[in-house]
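Listed below, chain by chain, are the residues.
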Amino acid sequence: MVGKVLTGNGITAYGNGAYSLIGGDELSDAERDQLQQLCRQRLDAFREQRGEVVTCLFVEKPAASATAAATAPRSAAQ
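Our subject in this report is the structure included herewith. Computed from a predicted structure; not experimentally measured.

With that out of the way, let us pick up the overall build of the protein chain. Looking only at helices and strands, one finds two helices and four strands in the protein chain. Relative to all contacts within the protein chain whose residues are 6 or more apart in sequence, the contacts with residues 24 or more apart total 41%. Within the structure as shown, the protein chain displays about 5700 Å² of accessible surface, and the carbon and sulfur contribution to it stands at 55%.

Structural data, given as structure tokens:
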């Protein structure tokens, strides 16, 4: 559901079985690391607040690829 909402709001795009961050290929390595750290911090805060298990599906961008900064494979549950 998160991927669908982010895609609907123009933050991510879905294609070839994965979500990608729009404009993610324009981020520097430091910016990409900072974004992932912020996402992890927010997930940790959510876990503490709700006491629920939440998984993070970050897959690092391959060095030789021009794809987006982070992609998450689409699970069967979506």
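Back to the write-up after that little detour.
Once that is clear, we can look at the pattern of salt bridges. Taken as a whole and judged by the stated rule, the model has two salt bridges. The partner of aspartate 44 in a salt bridge is arginine 47, with the nearest N and O atoms 2.7 Å apart. Taken together, the residues aspartate 44 and arginine 47, both in helix 2 (residues 29–50) and three residues apart, mark about one turn of the helix. On the basis of relative accessibility, which here comes to 28%, the residue arginine 47 falls in the partly exposed class.

Further remarks concern a nonpolar patch on the surface. The grouping of Val2, Leu6 and Ile11 at the surface amounts to a nonpolar patch, some 240 Å² of accessible area in total. Tracing the chain through its elements places valine 2 in helix 1 (residues 2–8). The class of valine 2 is exposed, set by a relative accessible area of 60%.

Rules and cut-offs
Residues numbered from 1 in each chain as written. Predicted model: local features only at pLDDT ≥ 70, side-chain atom pairs only at ≥ 80, totals over all residues. Heavy atoms only, no water. Helix = DSSP H or I, 4+ residues; strand = E, 2+ residues; numbered from the N terminus. Contact = heavy atoms within 4.5 Å. Areas by Shrake-Rupley, 256 points an atom, 1.4 Å probe, with all protein chains shown as cover. Salt bridge = Lys/Arg side-chain N within 4 Å of Asp/Glu carboxyl O. Buried < 20%, exposed > 50% of the residue type's maximum accessible area, 1.4 Å probe, protein only. Patch = residues over 30% accessible without salt bridge, like charges linked within 9 Å, V, L, I, M, F, W, Y side chains within 5 Å.

Coordinates in, geometry out; function isn't part of it.
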